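What follows is the residue order along each chain.
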Amino acid sequence: SSGINAEYGGMNETRLHKLQDDEALLMLHGMFQDLAPIQIPLSLVVLLQNSLIIRWYWDGRARFVPAMLVGIAAADILKAQGELMLSVVSCLVYGGYVEMIVLFRTLYYYMATSLPGVNSSKVINLVLTITLTCRVVDPFRRLDEEKLKRVALILCLIVTMLHVSDTIVTIVFMATDTELRRRGLTKYIILVLGFDIPGSVTGIYAFCSSQENEVSQCSRHPIPVTFTGGTLSLLYFIGIPLTIFTCMLVQVKHLRRSLSASETVPDTSLHVSITVFLISTLFLVCNVTYFLFLAFWGFKNREIVYEEHSDEYYKMLGMQVGAAEFTLPLVYAVVYPVIVVMRKKELREKVSRCLKKIICIGRRDEVQ
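What comes next is a walk through the structure. Because the structure is predicted, anything quoted here is derived from the model rather than measured. (Residues numbered from 1 in each chain as written. Predicted model: local features only at pLDDT ≥ 70, side-chain atom pairs only at ≥ 80, totals over all residues. Heavy atoms only, no water.)

## A few points about the overall build of the chain
Link 1 in the chain: A tally of helices and strands in the chain yields 15 helices and two strands.
Link 2 in the chain: Evaluated residue by residue, the chain yields a buried proportion of 46% over its 368 residues.
Link 3 in the chain: In the chain, once contacts between residues fewer than 6 apart in sequence are set aside, the share between residues at least 24 apart is 82%.
Link 4 in the chain: Carbon and sulfur atoms make up 64% of the accessible area of the chain, which amounts to about 18900 Å² in all. (Helix = DSSP H or I, 4+ residues; strand = E, 2+ residues; numbered from the N terminus. Buried < 20%, exposed > 50% of the residue type's maximum accessible area, 1.4 Å probe, protein only. Contact = heavy atoms within 4.5 Å. Areas by Shrake-Rupley, 256 points an atom, 1.4 Å probe, with all protein chains shown as cover.)

## A look at a nonpolar patch on the surface
Link 1 in the chain: Residues Val-151, Leu-153, Ile-154, Leu-155, Leu-157, Ile-158, Met-161 and Leu-162 make up a contiguous nonpolar surface patch of about 690 Å² in total accessible area.
Link 2 in the chain: Looking at the secondary structure, you find Met-161 in helix 7 (residues 145–176). (Patch = residues over 30% accessible without salt bridge, like charges linked within 9 Å, V, L, I, M, F, W, Y side chains within 5 Å. Salt bridge = Lys/Arg side-chain N within 4 Å of Asp/Glu carboxyl O.)

## Quick word on the pattern of salt bridges
Link 1 in the chain: Following the criterion strictly, the structure yields three salt bridges and no others.
Link 2 in the chain: Across the pair Lys-79 and Asp-76 runs a salt bridge, and its minimum N-O distance is 3.4 Å. Here the residue Lys-79 and the residue Asp-76 both occupy positions in helix 5 (residues 64–94), the gap between them amounting to three residues, near one helical turn. The same class applies to Lys-79 as to Asp-76, namely buried.

## Overview of the nonpolar core
Link 1 in the chain: With 41 residues, the main nonpolar core has Met-31, Phe-32 and Phe-195 as its most contacted residues.
Link 2 in the chain: Those elements that provide at least two residues to this core are helix 3 (21–33), helix 5, helix 6 (100–137), helix 9 (186–194), helix 12 (222–261), helix 13 (267–300) and helix 14 (311–342).
Link 3 in the chain: In terms of residues, this core owes the most to one element, helix 6, which gives nine residues.
Link 4 in the chain: Those residues in contact with Met-31, other than ones at most four positions away along the chain, are Ile-189, Val-192, Gly-318, Met-319, Val-321 and Gly-322. (Core = buried A, V, L, I, M, F, W, Y, C linked by side-chain atoms within 4.5 Å.)

## Quick notes on the side chain of Ser-121
Link 1 in the chain: Along the chain, the position of Ser-121 falls in helix 6.
Link 2 in the chain: The exposure class of Ser-121 is buried, given its relative accessible area of 2%.
Link 3 in the chain: Every residue in contact with Ser-121, bar those within four places of it in the chain, is listed here: Ile-72, Ala-75 and Asp-76.

## Let's talk about helix 7
Residues three or four positions apart in an α-helix share a direction because the helix packs 3.6 residues into each turn.
Link 1 in the chain: Between its terminal C-alpha atoms helix 7 stretches 47 Å, which fits the 46 Å expected from 32 residues at 1.5 Å a residue.
Link 2 in the chain: What helix 7 keeps buried is the set Lys-149, Ala-152, Cys-156, Val-159, His-163, Asp-166, Thr-167, Val-169, Thr-170, Phe-173 and Met-174. (Expected span 1.5 Å × (residues − 1).)

## Examining the packing of aromatic side chains
Link 1 in the chain: Counted by the stated rule, this structure contains four aromatic pairs.
Link 2 in the chain: With 5.6 Å between their ring centres and 50 degrees between their planes, Phe-32 and Phe-326 make a pair best called tilted. A residue pair is termed long-range when its members are at least 10 positions apart, and Phe-32 in helix 3 and Phe-326 in helix 14 qualify at 294 residues. Accessibility assignment for this pair places Phe-32 and Phe-326 in one class, buried.
Link 3 in the chain: Ring geometry for Phe-283 versus Tyr-332: centroids 5.4 Å apart, planes at 80 degrees, classification edge-to-face. In this pair, Phe-283 sits in helix 13 while Tyr-332 sits in helix 14, placing the two residues 49 residues apart along the sequence. (Phe/Tyr/Trp six-rings, centres within 6.5 Å; stacked < 30°, edge-to-face > 60°.)

## Description of the side chain of Thr-106
Link 1 in the chain: Secondary-structure assignment places Thr-106 in helix 6.
Link 2 in the chain: Residue classification places Thr-106 among the buried residues on the basis of a relative accessible area of 7%.
Link 3 in the chain: Ignoring any residue separated from it by four or fewer positions in sequence, one finds Thr-106 in contact with Met-85, Leu-86 and Val-89.

## Some remarks on the packing of helix 5 against helix 14
Link 1 in the chain: Across the interface, helix 5 lies against helix 14 with an axial gap of 10 Å and an inter-helix angle of 140 degrees. The angle between helix 5 and helix 14 falls in the class oblique. Seen along the crossing, helix 5 lies across helix 14 with a hand that is left-handed. Residue-level contacts link Leu-69, Ile-72, Asp-76, Lys-79, Ala-80 and Glu-83 of helix 5 to Phe-326, Pro-329, Leu-330, Ala-333 and Tyr-336 of helix 14.
Link 2 in the chain: When grouped by side-chain class, the residues that make up the contact of helix 5 with helix 14 number eight nonpolar, no polar and three charged. (Axes fitted to C-alpha atoms, helices over the stretch in contact; angles between N-to-C directions. Parallel < 35°, antiparallel > 145°, perpendicular 65-115°, else oblique. Left-handed = near helix turned anticlockwise from the far one by under 90°. Nonpolar A, V, L, I, M, F, W, Y, C, P; charged D, E, K, R; others polar.)

## Quick word on the environment of Cys-91
Link 1 in the chain: By the element assignment, Cys-91 lies in helix 5.
Link 2 in the chain: Residues Cys-91 and Leu-103, twelve residues apart in the sequence, show an inter-C-alpha distance of 9.7 Å.
Link 3 in the chain: The contacts of Cys-91, once residues within four sequence positions are left out, are Gln-33 and Ala-36.

## Here's the deal with the packing of helix 4 (residues 36–57) against helix 14
Link 1 in the chain: In the contact formed by helix 4 and helix 14, the axes pass within 9 Å of each other and the chain directions differ by 35 degrees. Judged by the sense of rotation from one axis to the other, the crossing of helix 4 with helix 14 is left-handed. Of the residues in helix 14, those in contact with Ile-38, Gln-39, Leu-42, Ser-43, Val-45, Val-46, Gln-49, Asn-50, Ile-53, Trp-56 and Tyr-57 of helix 4 are Phe-326, Thr-327, Leu-330, Val-331, Ala-333, Val-334, Pro-337, Val-338, Val-340 and Val-341.
Link 2 in the chain: Taken together, the residues that form the contact of helix 4 with helix 14 break down as 16 nonpolar, five polar and no charged.

Everything listed here is a matter of geometry and, on its own, says nothing about what the molecule does.
Shown next as C-alpha cells:
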C-alpha cells in the first residue's frame with residue numbers, strides 16, 4: 001500500500017497519510033460540491049454541443065477527419081456525463097439527502113465510464129494531429145486512413161478495458177486491504193489524485209500483491225515504484241500534450257516555408273493549420289495544468305511536517321485540484337466544438353439555422 005500511495009498523484013505521501021477524515025471531507029467538498037455550479041452547466045453544454053457534432057459529421061464518418069471528430073465528440077460525451085453525475089451526487093451528499101458512501105461509489109462509476117472518455121479523447125486527438133501533420137509535411141504521401149482509424153479504435157478499446165480493470169481492482173482493494181481501511185477517507189483522496197492514468201491501479205496492485213517473506217514488493221522497492229509512477233505521470237500529463245503541440249509547430253513551420261516559396265498556398269491547408277493551432281494550444285493548457293499544479297504542490301510541501309490549517313484551506317486545496325483535474329478538461333470539451341464550428345462555414349450556417357428555428361418556436365409559443 002505504501003508503494004501505491006507513493007505512485008499516486010505526485011503529492012507528498014506522508015502529508016496524505018496524516019490527513020484526518022474531516023480534512024479529507026473538506027477536500028472532497030472543494031473538489032466536487034464547490035465546483036458543481038461550474039461543472040454542471042459545462043457538462044450540459046458539452047453534452048449538447050457534442051451531440052450536434054456527431055449529428056453533423058455522422059454522414060461523412062467514412063472519411064478520416066469526420067470520423068476522428070465523431071470519436072472525439074463521443075469521448076467528450078462520456079467524460080461530461082461522469083462529471084455531471086459526480087457534481088449532482090456531491091450536491092445531494094453535502095445537502096444531506098444521501099449518504100457519503102454514494103459519492104464514493106460514484107467515483108467508481110466515474111472510473112469505469114468517464115475516464116475511458118477522458119483518455120480516448122486524448123488518443124484520438126493525438127492520432128488526428130499526427131496524421132494532419134504528416135499531410136502538411138508530405139502532401140503527396142498517401143496515408144492508409146482506414147488503418148489509422150482502426151488503430152485509434154483499438155487504442156480506445158485498450159484504454160477502456162484498462163480503466164474497467166482499474167475500477168474492479170480498486171473496489172476489491174478498498175474492501176480487502178486492512179492498511180487502506182485504517183486510513184479512512186484519505187484513501188479516496190489518494191484515489192482521485194491517481195486514477196487518471198489507464199492501467200496504473202491494476203499494474204501497481206499486481207506488483208504490490210507479490211510478497212517475499214511477507215513483505216510486499218512495494219515496501220521492499222519503494223524508490224523504483226515511485227520513480228516509475230513519476231515517469232508514467234510525466235509521459236501521460238506532459239508527453240501527449242507536448243507531442244500534439246509540437247506537431248502543430250511543425251505544421252506552422254512547413255506552411256510558412258510554403259508561403260515563402262509560393263504565393264498560392266492552398267487556403268484549405270492554411271485554414272486547417274490555424275484550426276489545429278487553436279485546438280492544440282487549448283489542449284496543451286487544459287491538460288498540462290493539473291500535472292504542473294501537483295508538481296508545484298509537492299515541491300512546495302516537500303518537507304515532511306504536518307501543520308493544522310483552517311477548513312477553508314482544505315476546501316480551497318480541493319477546489320484547486322478539482323479545477324485542474326476536472327474543470328479544465330471540460331472547458332476544452334466546451335471550447336473545442338466552438339472552434340470547429342466557427343472555423344467551418346457549413347457548420348456556422350447549420351448553427352444559424354438551428355438558432356433561427358429555436359427563436360421561431362419560442363415566438364410561436366408566446367403568440368399562442
